[in-house]
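# Structural overview
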Protein chains: 2
Amino acid sequence: MSRIRILIEYDGTHYAGWQRQKNALTVQEVLEDTLGSLLGQRITLFGASRTDAGVHALGQTAHFDAQSSIPPEKLFLAANTHLPPDIRLCASEAAEPDFHARFCTRGKHYTYQIYNSCHGPAILRNQVMFVPAPLDLAAMQEAAQLFVGTHDFTCAMAAGSNVRDCVRTVYDLTLQRRDDVIAMDVRGNGFLYNMVRIFAGTLICVGQHKLDKQEIAAAMAARDRRLLGFTAQPQGLFLRRVYYDRPVFGLSPDFNPFC
Amino acid sequence: MSRIRILIEYDGTHYAGWQRQKNALTVQEVLEDTLGSLLGQRITLFGASRTDAGVHALGQTAHFDAQSSIPPEKLFLAANTHLPPDIRLCASEAAEPDFHARFCTRGKHYTYQIYNSCHGPAILRNQVMFVPAPLDLAAMQEAAQLFVGTHDFTCAMAAGSNVRDCVRTVYDLTLQRRDDVIAMDVRGNGFLYNMVRIFAGTLICVGQHKLDKQEIAAAMAARDRRLLGFTAQPQGLFLRRVYYDRPVFGLSPDFNPFC
């Protein structure tokens, strides 16, 4: 048995998220079944991030142990010939025995896409949240800086999650408009459940002048989810990259600023 | 009766192109039926461009005559509440009685997207042509300049089309790589059937060093379709904008360099 890691892109539109479930099709299930039949053995995948239904990934990372007759660095090409078109392996390689796709992470990069126009999107309809109201981008960019740094993000965690330590570090959070799309890029050492979508929903409220910096600061101090904005829709969210404690997939070390 | 023009975005994936057909669903049919039931009268649309099956539009333009109880500049909002999610009206307005969406055009802007990576695209799978082989972008950019200017483009017209005058002017043709996507943008005063897809297929051959500038020049001189590259797949093609002999949809005149 040897350990293999894979880099995965998927369109989450038609899946009930990453994690295997009893009564719904998930990305993990499709990948485990495809790799299992390809390698002729039962495969258990460990993914870096449990993305929700409708959420997309450009750089999901996972590992598994297998006896592979196919060279690990060629495995992704073989798998792509059997996978559905909305799931692609971008790379595969032999991993160190101590590599764990979830526990060796040092950070993640998410992008959230807002479609801000008087008309909804036809082509991007499954990859953006549509916000017809005008948005004050400068106000959003300014308020976003409140989330940067090391903070207790209890206020930005979905109600009901029971995580003890809610302190996380957000390295950067930027917003840029390109035509009708406002892209929010956020990188951090870890994210609580729904944290990025709560950032997006909150900044959309700021852009509509329904929330201001003082109210966000108060919500963070009070650790009260109810004081921040709504949880933005899942289809606007992309897991762009997972950063690790070591170089992976031949990406230059400077690609990973958090090692 | 008054004349109304509309600006249309659509995802062509699930349609047999723009033009109404007997036995296949088209964008024109969906729009005529939706506007017809909305306005309570039979609507006949005249579109600027007959896009093929699978081809997308960000700025298709059409006109029709109707007695509209809805103010023309509000019509697009009403229509969007009845249209399927893969067709959106971006704008609507009263048009001059002599405006014709097809005959008043001065030029068009098309974008062709090539996905150039060792793995296929999951998220962009219906909006790009996947080319796994490495592409020499500099060679493609250089060869593209042969198509710029006023030429007889018989060699870049689908075999079987019977157009008399094949002389067209290409204003500019640029290629840019952004991550895995190479976008080819071309603007001209008119395009022959499949012309943009033949440009794309030919430049893909150049990028793979299967064709060179001399061979393209020879094909143009010989007016021989067989001497150029293949016709690139439809799903990579976007009709981005139609330019007119007058300002439309409040777009600044400088947006239309060809008036």
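None of the values given here were measured: they were computed from a predicted structure. (Residues numbered from 1 in each chain as written. Chains lettered and ligands numbered in written order. Predicted model: local features only at pLDDT ≥ 70, side-chain atom pairs only at ≥ 80, totals over all residues. Heavy atoms only, no water.)

## Let's talk about the pattern of salt bridges
Formally: The salt bridge criterion pairs a side-chain nitrogen of Lys or Arg with a carboxyl oxygen of Asp or Glu, the two atoms within 4 Å. Helical segments are the DSSP runs of H or I of at least four residues, strand segments are the runs of E of at least two, and each set is numbered from the N terminus. Only protein chains enter the accessibility calculation, which uses a 1.4 Å probe. A residue is then buried if its area is under 20% of the maximum for its type, exposed if over 50%, and partly exposed in between.
This model, assessed by the stated rule, comprises 30 salt bridges over all chains. Between D11 of chain A and R125 of chain B there is a salt bridge, with its nearest N and O atoms 3.0 Å apart. Of the two residues, D11 of chain A sits in the loop between β1 (2–10) and α1 (27–39) while R125 of chain B sits in the loop between β5 (105–115) and β6 (129–130), which places them in two different chains. Note on D11 of chain A: relative accessible area 4%, which makes it buried. For D245 of chain A, the salt bridge goes to R246 of chain A, with nearest N and O atoms at 2.7 Å. By relative accessible area, D245 of chain A is classed as partly exposed at 29%. Put simply, R5, E93, E96, D98, D245 and R246 of chain A are held in one network by salt bridges that share partners.

## Focus: the domain arrangement of chain A
Interface size is commonly expressed as the accessible area that is lost once the parts come together. All names here are of chain A. This is how the line gets drawn: Here the bounds of each domain stem from an automatic or database domain assignment. Contacts: residue pairs with any heavy atoms within 4.5 Å of one another. Take the accessible area each of two parts loses on contact, using a 1.4 Å probe, and add the two losses: that sum is the buried area. Polar contact is defined as a pair of N or O atoms within 3.5 Å, subject to the rule that within protein one atom must be able to donate a hydrogen and the other to accept it, and that residues adjacent in sequence are counted only when both atoms are side-chain atoms.
Here chain A is described as being made up of domain 1 (2–103) and domain 2 (106–239). Between the C-alpha centres of domain 1 and domain 2 there is a distance of 28 Å. Between domain 1 and domain 2, the residue contacts involve 13 residues of the former and 12 residues of the latter. Carbon and sulfur atoms supply 54% of the area that domain 1 and domain 2 bury against each other, a total of about 950 Å² over both sides. Summed over the three residues of domain 1 that lose the most area to domain 2, namely D52, V55 and H56, the buried surface amounts to 48% of that side. The salt bridge partner of D52 is R197, with a shortest N-O separation of 3.2 Å. The interface formed by domain 1 and domain 2 holds 9 residue pairs in polar contact (both at pLDDT 80 or more) in total.

## Re the relation of the copies chain A and chain B
Cut-off, in case you're wondering: C-alpha atoms of residues with pLDDT of at least 70 in both copies form the basis for the least-squares superposition of the copies.
You can overlay chain A on chain B at an RMSD of 0.0 Å; the transform is a turn of 180° with a shift of 0.0 Å along its axis. The transformation just described matches what one would write down for a two-fold rotation axis. Among all C-alpha atoms of chain A, that of L124 of chain A lies closest to the rotation axis, at 4.9 Å. Counting the interface residues of chain A, we find that 100% of their copies in chain B are interface residues as well, pointing to one common contact surface.

## A short note on the packing of helix α1 (residues 27–39) of chain B against helix α2 (residues 72–80) of chain B
Residues and elements named next belong to chain B. Applicable threshold: With axes taken as lines fitted to C-alpha atoms, and helix axes fitted only over the stretch in contact, angles between N-to-C directions fall between 0 and 180 degrees. Orientation categories follow fixed angle ranges, with anything under 35 degrees roughly parallel, anything over 145 roughly antiparallel, 65 to 115 roughly perpendicular, and all other angles oblique. Any residue that is not Ala, Val, Leu, Ile, Met, Phe, Trp, Tyr, Cys, Pro, Asp, Glu, Lys or Arg is counted as polar, Gly included; the first ten are nonpolar and the last four charged.
Running from N to C, α1 and α2 point in directions that differ by 110°, and their axes come no closer than 10 Å. Considering the angle they form, α1 stands roughly perpendicular to α2. Across the interface between the two elements, T34, L35, L38 and L39 from α1 touch L75, A78 and A79 from α2. Per-class residue counts for the contact of α1 with α2 are 6 nonpolar, 1 polar and no charged.

## What to know about the interface of chain A and chain B
Taken together, the contact pairs 27 residues of chain A with 27 residues of chain B. Overall, the association of chain A and chain B removes approximately 1,900 Å² of surface from exposure, summing both partners, and the carbon and sulfur fraction of that is 58%. By the criterion of area lost to chain B, the three top residues of chain A are H119, I123 and R125 of chain A, representing 32% of everything that side buries. At the boundary of chain A and chain B, one finds 2 salt bridges. Remark: the boundary between chain A and chain B carries 6 residue pairs in polar contact (both at pLDDT 80 or more). Broken down by secondary-structure element, the contributors of at least two residues to the side of chain A that touches chain B are β1, β3 (56–66), α2 (72–80) and β4 (87–94) of chain A. Counting residues per element, the side of chain A that touches chain B draws most heavily on β4 of chain A, which supplies 4 residues. Here the residues of the side of chain A that touches chain B sort into 15 nonpolar, 6 polar and 6 charged.

## Considerations on the packing of aromatic side chains
Residues and elements named next belong to chain A. Put simply, the rule reads: Stacked, tilted and edge-to-face pairs are distinguished by plane angle, under 30 degrees for stacked and over 60 for edge-to-face with tilted covering the rest, among Phe, Tyr and Trp rings (Trp via its six-membered ring) whose centres lie within 6.5 Å. In this scheme, Lys NZ or Arg CZ marks a charge over a ring once it lies within 6 Å of the ring centre and within 35 degrees of the ring normal.
Taken as a whole, this structure holds 12 aromatic pairs over all chains when the rule is applied. Geometrically, the ring pair formed by F147 and F199 is stacked, given 4.2 Å between the ring centres and 20° between the ring planes. Within this pair, whereas F147 is found in the loop between α3 (137–144) and β7 (149–152), its partner F199 is found in helix α4 (residues 195–207), the two being separated by 52 residues in sequence. Side by side, F147 and F199 carry an identical accessibility label, which is buried. In this arrangement the basic side chain of R5 is found over the ring face of F249, its NZ or CZ atom lying 6.0 Å from the centre.

## Topic: the pairing of strand β10 (residues 237–244) of chain B
Residue and element names in this part refer to chain B. To be explicit about the condition: When DSSP locates at least two bridges between a pair of strands, those strands are taken to pair.
In terms of burial, β10 is a largely internal element, 7 of the 8 residues being buried. Here 2 bridges tie strand β3 (residues 56–66) to β10, and the two strands are oriented parallel to one another. When the sheet's bridge partners are listed, A57 is paired in β10 with L239. Of the pairings in the sheet, the one linking β5 to β10 comprises 7 bridges and is antiparallel in character. Residue pairing in the sheet places K108 in a bridge with V242 of β10.

## Looking at the environment of H151 of chain A
Residues and elements named next belong to chain A. With respect to the secondary-structure elements, H151 resides in strand β7. H151 sits in the partly exposed class, given a relative accessible area of 25%. Expressed as a C-alpha distance, the spacing of H151 and A221, which sit 70 residues apart in the sequence, is 9.4 Å. Each residue touching H151, except ones within four places of it in the same chain, is listed here: L146, C166, V167, R168 and M220.

## Topic: the environment of Y244 of chain A
With respect to the helices, strands and loops of the structure, Y244 of chain A is situated in strand β10 (residues 237–244). The spacing of Y244 of chain A and F99 of chain A is 145 residues in sequence and 9.4 Å in space, taken between C-alpha atoms.

## Some remarks on the confidence of the model for chain A
The criterion, for reference: Here pLDDT means the predictor's own confidence in every residue, given as a number from 0 to 100.
Looking at chain A as a whole, its pLDDT mean stands at 95, while 97% of the residues score no less than 70. This prediction of the complex comes with two scores: 0.94 for pTM and 0.91 for ipTM.

## Looking at unusual backbone geometry
Residues and elements named next belong to chain A. At D179, a residue that is not glycine, the phi angle is positive and equals roughly 55°. Position of D179 among the secondary structure elements: in the loop between β8 (167–178) and β9 (181–188). By relative accessible area, D179 is classed as exposed at 63%.

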